[in-house]
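# Summary of the model geometry
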Amino acid sequence: MALGHVVLSHSDRRVLARVLVVLNWVSVATGAVLVLLGVYLWAELRRWEEVMSEDVLWAVPVVLIWTGLGACVVNLTGAQLCLDCSDHNRFLRWKLVLAPYVGVSLLLTAGLLLAAALSLALGFSGRLDEALEAGLSAAMRRYKDSDLNPGLKTKLDLVQIHMSCCGKDRYQDWFRVQWVSDRYLDRTQARVQDQIRSNVAGLYLSDSVPFSCCDPASPWPCPQTGLKSRPAPHFLSLVQSSRSLGLWGRGCREALRRHYLWILNVISVSAVSVWAFELLVVTGVRYLQTSMENLVLLGDPASDSEAWILEDSLCETARHNLRIIKSLGKCYHGNNDPNIDQ
Amino acid sequence: MLLKMKFSQQRRVRLAQGLWLLSWAAVMCGAFIFCLGVYLKIELLCRAEVMENTEIHVVPNILLLVGLASMGTNWIASRVCQDSLDMSRFPRWKVLLLAWFAVAALLCCLLVTVVVLSYALQGRLEESLKIGLRNGIRFYKDTDVPGRCFQKETIDRLQMEFRCCGNNNYKDWFEVQWVSSRYLDFTSKDVKDRIRSNVDGRFLLDGVPFSCCNPASPRPCLRYQLTDNQAHYNYEYQTEELNLYSRGCRQALTDYYMGLMNSTGPGVLSVILIQVSVIVSLRYLQTAVEGAMASENPEDESVGYLLEKGLKETFEDLKSMALNMLKYAQVDPATPEASPEAEAEKADNAAVSLTPAS
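All figures in this text were calculated on a predicted structure; none of them were measured in a lab.

### Observations regarding the interface of chain A and chain B
In this assembly, 30 residues from chain A lie in contact with 30 residues from chain B. Inspection of the region where chain A meets chain B yields 0 salt bridges. The interface formed by chain A and chain B contains 8 residue pairs in polar contact (both at pLDDT 80 or more). Residues belonging to the side of chain A that touches chain B are distributed by class as follows: 18 nonpolar, 6 polar and 6 charged.

### Things to note about the packing of aromatic side chains
Residue and element names in this part refer to chain B. Counted according to the given criterion, the structure contains 14 aromatic pairs over all chains. Relative to W24, the ring of W20 has its centre 6.4 Å away and its plane inclined at 70 degrees; by these criteria the two rings are edge-to-face. In this pair, W20 and W24 are both assigned in helix α1 (residues 9-46), 4 residues apart and thus about one turn of the helix distant. On the basis of relative accessible area, W20 is assigned to the partly exposed category, the value being 33%. Taking 6.2 Å as the distance between ring centres and 80 degrees as the angle between the ring planes, the aromatic pair formed by W173 and W178 counts as edge-to-face. For the pair W173 and W178, a shared accessibility class is recorded, and that class is buried. A connected cluster of aromatic rings, assembled from ring pairs, spans Y140, W173, W178 and Y224. Positioned over the ring face of F7 is R11, at 5.4 Å from the centre of the ring. Over the ring of F139 we find R148; its NZ or CZ atom is 3.9 Å from the centre of that ring.

### Observations concerning the nonpolar core
Of all hydrophobic cores here, the largest spans 112 residues; its most connected members are W174(A), Y260(A) and W173(B). In terms of residues, this core owes the most to one element, helix α7 (residues 249-294) of chain B, which gives 10 residues. Apart from the residues lying within four places of it in its own chain, the contact partners of W174(A) are M140(A), Y143(A), L156(A), Q160(A), C166(A), G167(A), W179(A), S206(A), S208(A), V209(A), P210(A) and C213(A).

### Quick notes on unusual backbone geometry
All names here are of chain B. Phi is positive for Q225, close to 50 degrees, though the residue is something other than glycine. By the secondary structure assignment, Q225 is in the loop between α6 (189-197) and α7. With a phi close to 55 degrees, N234 is a non-glycine residue in the positive phi region. Its location among the elements puts N234 in the loop between α6 and α7.

### Here's the deal with a nonpolar patch on the surface
All names here are of chain B. Side chains of W20, L21, W24, M28 and W75 sit close together on the surface and give an oily, nonpolar patch of about 550 Å² of accessible area. In terms of residues, the nonpolar patch owes the most to one element, α1, which gives 4 residues. Tracing the sequence through the fold places W75 in helix α2 (residues 58-84). What makes W75 partly exposed here is its relative accessible area of 43%.

Reading guide: rules and limits
Residues numbered from 1 in each chain as written. Chains lettered and ligands numbered in written order. Predicted model: local features only at pLDDT ≥ 70, side-chain atom pairs only at ≥ 80, totals over all residues. Heavy atoms only, no water. Contact = heavy atoms within 4.5 Å. Salt bridge = Lys/Arg side-chain N within 4 Å of Asp/Glu carboxyl O. Polar contact = N/O pair within 3.5 Å; in protein donor to acceptor, adjacent residues only side chain to side chain. Nonpolar A, V, L, I, M, F, W, Y, C, P; charged D, E, K, R; others polar. Phe/Tyr/Trp six-rings, centres within 6.5 Å; stacked < 30°, edge-to-face > 60°. Helix = DSSP H or I, 4+ residues; strand = E, 2+ residues; numbered from the N terminus. Buried < 20%, exposed > 50% of the residue type's maximum accessible area, 1.4 Å probe, protein only. Lys NZ or Arg CZ within 6 Å of the ring centre and 35° of its normal. Core = buried A, V, L, I, M, F, W, Y, C linked by side-chain atoms within 4.5 Å. Patch = residues over 30% accessible without salt bridge, like charges linked within 9 Å, V, L, I, M, F, W, Y side chains within 5 Å. Areas by Shrake-Rupley, 256 points an atom, 1.4 Å probe, with all protein chains shown as cover.

Below you can see the structure in the form of structure tokens.
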């Protein structure tokens, strides 16, 4: 018993071919959308790569771009194939290509599922979080060394400004790091000497944050320094309330994690929907293929022909294929040949 | 005849087909001009808070108008092409074509005006920005006054996005009290001194808001006591370049908008070229088809031209026709019966000379 058995008339076949041409062109467009998503994710990863200790998500844009390009190419050929298949004579040219084409399309849809699964798995595993944690800690420690790492200070400032975040988890993280370089510290000042002496590692720690932690939406001038004791400069008198200090409230680890997770969610949703759509298109092409092959066997171009997804049921086809695979390894058996003496 | 060319039947067909494609290309160009106008208008509206007047909006407004009008005009041109080879359908377009040429020429003139205006209005834009930014800086501290409470955020975000500080440079912040009195510590000696030493009782200081800070500086940002070399270690304000943004916001915004309008210049010029070629080709098609229709055999060769008489004669004809129409409107008491018929005859002759086949 065939799987998905239908009978298609001449006009049915024409309509099916036309619909499939349109669907293939739509698939080309969705493939291009996937390529664009992959390029966007790649660009966003490159933009903030200094604050991630390792590139955890490198596989996702690669898989997405290659499957997107593959989808565009495969669906372009599919559109041409379906255009020719509606006509009996032109179908004979493409007869041998159609079966491999269906196989390649199925592989492609598997690639799309892989992209969706990868993005979800990598996003929700802890690896992204760990990379951000390690990267941000290292970046904050190296913030002051703008002579050794020239671009790092600028990059971290830009991260805090664009992502509206301050420090790793909260602004107090900056109190535990010396972020003012020794080149700009006046060691002859008593205040500075006291600070350095009171610290075990000889670091100059202060209760102040860089300017990039400031929130433009707060109604008062940003108090960068003296955040623990009294907010300086000396002329400001502010209410000490951690919510309304005029600095960004959240940490950069959370902000970046949310940003990347949002992109990965969009990617997985699009990949799954494109996969479902491609499956539909491949099913239609399979029906068209089988109906045209049966038509060739019948001989009359205008008659009805049968179409199916699989000629036998699923189990029968699986058993048949397994038998072929088993006999591949075996050589010629001369047992039943009458010309050979046993 | 001005610039006459011979057109065989086949050449007329080719001209009609080519012109049909060209007029659809011109419709696309009209859509492009419209989108350009929309983009420019949105960009100007985004920064409307730091602009004092809206004179510069005339540029995107004209672009919007011209875009829509040119889409309609060129669509009509494509319909005329489709009908031009059909003898029964072409005559109904005859009356419309004169108006069409006038409208198309007007659109080209408007596009040229836009290019000229985008250069000419630069001074007015700078003036408008100067006043708008000055007000923004003055009202920076008024975050509790209704109507001005978002000035601080607007100016901060503007300075960060365009990498600029103050109106002309960062010293503009020294002349304004940008720290609200609500947040001043009036028990501090320094605050009392500063307020007393100022005539208007304002609290001025040599400091800038955080949005002036340049992230590319290797040194943590110095915001206060900027003119005091002793206040900071290893600091000389005369030679320090990277600490704050050195550009003024007026210069930054003017450069940005001029850059936008200049980069659209080549696009607008090529649209003008396409529109002019549509006008010229349609004139040739019109005269060639009318010449063919007037002759005994419509399949014959005909002559297409731009103007029937030379440039000077056509101008003289137009002038006399305009004068006659003015005289006709004026009541002339000297010859009340003879003049209306004489004028009407002259006007008819002039009209006939412009459109030879009727």
